[in-house]
Structure formats: structure tokens, C-alpha cells
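# Summary of structural features
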Amino acid sequence: DQQVKQNSPSLSVQEGRISILNCDYTNSMFDYFLWYKKYPAEGPTFLISISSIKDKNEDGRFTVFLNKSAKHLSLHIVPSQPGDSAVYFCAASHGLGGATNKLIFGTGTLLAVQP
Amino acid sequence: NAGVTQTPKFRVLKTGQSMTLLCAQDMNHEYMYWYRQDPGMGLRLIHYSVGEGTTAKGEVPDGYNVSRLKKQNFLLGLESAAPSQTSVYFCASSYSGRKYFGPGTRLLVL
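Summary of the structure given here. Throughout this description, residue numbers start from 1 for each chain and increase along the sequence as written. Here chains are named by letter from A upward and ligands by number from 1 upward, in the order in which they appear as written. Selection of residues for local features in this predicted model requires a pLDDT of at least 70, selection of side-chain atom pairs for listing and counting requires 80 or more, and totals for whole chains, interfaces and linings are taken over all residues. Side-chain calculation: all heavy atoms of the structure are included, whereas hydrogens and water are not.

Once that is clear, we can look at the packing of aromatic side chains. Under the pairing criterion, centres of Phe, Tyr and Trp rings, with the six-membered ring standing for Trp, must be within 6.5 Å; the plane angle then separates stacked pairs below 30 degrees from edge-to-face pairs above 60, leaving the rest tilted. Taken as a whole and judged by the stated rule, the model has 12 aromatic pairs over all chains. Seen in terms of ring centroids, Tyr25 of chain A and Phe33 of chain A are 4.7 Å apart; in terms of plane orientation they differ by 40 degrees. Their pairing is tilted. We classify Tyr25 of chain A as buried; its relative accessible area is 6%. The exposure class assigned to Phe33 of chain A is buried, which follows from its relative accessible area of 1%. Taken together, Tyr36, Phe46, Phe89 and Phe105 of chain A together with Tyr33, Tyr35, Tyr48 and Phe101 of chain B form an aromatic cluster joined through their ring pairs. Two conditions define a charge located above a ring, namely a distance within 6 Å from the ring centre to NZ of Lys or CZ of Arg, and an angle within 35 degrees of the ring normal. Here the guanidinium or amino end of Lys99 of chain B rests over the ring plane of Tyr33 of chain B, the centre of that ring lying 4.3 Å away. Think of it in three bands: with a 1.4 Å probe and only protein chains considered, a residue is buried below 20% of the maximum accessible area for its type, exposed above 50%, and partly exposed in between.

Residues and elements named next belong to chain A. A run of DSSP states H or I qualifies as a helix once it reaches four residues; a run of E qualifies as a strand once it reaches two. Both are numbered from the N-terminal end. Tracing the chain through its elements places Ser19 in strand 3 (residues 19-25). A polar contact of 2.6 Å, which involves the side chain of Ser19, links it to the side chain of Ser80. Residue contacts are defined here by distance: any two heavy atoms, one from each residue, within 4.5 Å place the two residues in contact. Excluding residues that lie within four positions of it along the chain, Ser19 makes contacts with Leu11, Val13, Leu75, His76, Ile77, Ser80 and Leu111. Polar contacts here mean pairs of N or O atoms no more than 3.5 Å apart (in protein, one a potential hydrogen donor and the other a potential acceptor; neighbouring residues in sequence count only if both atoms are side-chain atoms).

Further remarks concern the environment of His94 of chain A. Residue and element names in this part refer to chain A. Within the fold, His94 resides in the loop between strand 9 (86-93) and strand 10 (104-105). Considering only alpha carbons, one finds His94 and Ser28, 66 residues apart in sequence, at a separation of 9.2 Å. In this structure His94 touches Met29, Phe30 and Asp31, once residues within four positions along its chain are discounted.

Another point: the nonpolar core. Across soluble globular proteins, nonpolar side chains show a tendency to be buried alongside one another. Among the buried residues, those of types Ala, Val, Leu, Ile, Met, Phe, Trp, Tyr and Cys that are joined through side-chain atoms within 4.5 Å form a nonpolar core. Core analysis: the largest hydrophobic core is formed by 23 residues, its most contacted members being Phe33, Trp35, Leu73, Leu75 and Tyr88 of chain A. Within the residue set of this core, elements represented by two or more residues are strand 3, strand 4 (32-38), strand 5 (45-51), strand 7 (62-67), strand 8 (72-77), strand 9 and strand 11 (109-114) of chain A. Here the element with the most residues in this core is strand 9 of chain A; it accounts for 4 residues. Core analysis: the second largest hydrophobic core is formed by 18 residues, Met32, Trp34, Ala81 and Tyr89 of chain B among them.

All right, on to the environment of Ile53 of chain A then. Residues and elements named next belong to chain A. Position of Ile53 relative to the elements: it lies in the loop between strand 5 and strand 6 (56-59). The exposed category is assigned to Ile53, whose relative accessible area is 74%. Separated by 19 residues in the primary sequence, Ile53 and His72 have C-alpha atoms spaced 14 Å apart.

Right, let's get into the interface of chain B and chain A. Counting residues at the interface gives 20 residues for chain B and 20 residues for chain A. Taken together, both faces of the contact between chain B and chain A bury some 1,600 Å²; the carbon and sulfur share is 62%. By buried area we mean how much accessible surface two parts lose on assembly, using a 1.4 Å probe and totalling the loss over both. Considering only the surface of chain B that becomes buried against chain A, Leu43, Lys99 and Phe101 of chain B emerge as the three largest contributors, covering 28% of it. Summed over the shared surface of chain B and chain A, the number is 2 residue pairs in polar contact (both at pLDDT 80 or more). Within the residue set of the side of chain B that touches chain A, elements represented by two or more residues are strand 4 (31-38), strand 5 (42-49) and strand 10 (98-101) of chain B.

Residue Pro79 of chain A follows Val78 of chain A across a cis peptide bond; omega there is -5 degrees. Position of Pro79 of chain A among the secondary structure elements: in the loop between strand 8 and strand 9. With an omega of -5 degrees, the peptide bond running from Thr7 of chain B to Pro8 of chain B counts as cis. Topologically, Pro8 of chain B is positioned in the loop between strand 1 (4-7) and strand 2 (10-13). Phi at Ala41 of chain A takes a positive value of approximately 65 degrees, unusual for a residue other than glycine. Residue placement: Ala41 of chain A occurs in the loop between strand 4 and strand 5. Here Ala41 of chain A falls in the exposed class, since its relative accessible area comes to 69%.

The structure is reproduced here in C-alpha cells:
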């Protein structure tokens, strides 16, 4: 039972264009969502997060949108750069902080930004 | 400040052999975690620790044991390795909900 789903295993985008990565979740108790970025042979690194009390959070070229009624969130990267090429994991949790903040991860989307 | 480090980076085991994966963090974080990443599965929590001397089971704990004798170290043990434990293992530590991951240990069990 995959509670967090990333239905697109891969995405290819031209440099300078917008990248949109999607994530769906099934557990309505989730109230905190994160995106992690992972390069080959490295651990995931935190990118951006959003609480369920918001519907948008922006950090430079990265924006996360949350649609609670649809249980859907998306990560927008604009403009996309070749250095953005990586695997992006969506993650969700019930509650912020604490050791019992057990993140549930999606399966990841491989983004390739073509020069 | 090295962050989270993992030893070894890569290991090949035969079925039935044992080994210990070491995770170390220098950020003075209370919470530490072990995850495994498998193709098509995302990252799944194996065990975690809320502080020195404490451990707890995660989502997929069977076949693994852990110890947190020192705050900065979190050890993951495989007593009798099985091919199903072939995976990439990530350690993480956290403060205020944000997790910091190590570079991973790639384990192949033949």
C-alpha cells in the first residue's frame, strides 16, 4: 500500500523551461510534506517543504504547491538548469519534528535537464 | 563539520555472513535513523533512535539489529545476511524534523 505515489519515474526537460514533478498521497492525516533531491552515489538532501496550512511555498527557483482536497502536491522548478538533473523524492509525515516523524517516501522521479 | 558519514561505502557479503554498518554524525542530533532504498520502493525506515541508549523499530526491521551506545554513532547490524537485504542503506540524523542523510552504503548479498 503505497501511501505516497510518484507516478512518473522519469521526466526530461529542456534547460530554461519549467520542470513540474508530481506527487499524490492517500493518507489524509499527513500534514507536512517535503521534497528531497538525490544525486547518484550521494544521500538525499532536503530541498523544500510545505505545511498543510499553506497551499504554496517558494524558495528561489523552487515552488511547492499543495492541493489538499486532491491530495496532490507538485514541485515546480523554473528555470530548469542541467545541475537540477537528479532523482526527486516526495515525502510526507503526520506532524512536524520529533523522532516519531516517520517520513513516508515516494518512489522518486528522475529529472533530466537537457542543455 | 562532516555532517553524516557512513562506513563502508560498498560491501559484498555471502548469504549467512554478518556485518555492521556504521553511521556517525557530528551535528549533536538526538535522532538518528536507518533507511533502505530499493528500486521502485522509495526509502523505507528500518530502525530509529531518539537518543543515546534507545532504539525503536521502523517499517521494515526484520533481519536487522541496531545499537546507539554513543550519541554520535548509530550502528546497523545484519546477523545472517540474506539476498533480500541487497540494497542501498542510508543513515540520517535530524533536528526539528529536517533529516540529514549520509552518502549511503551499497550492500550486495550473494
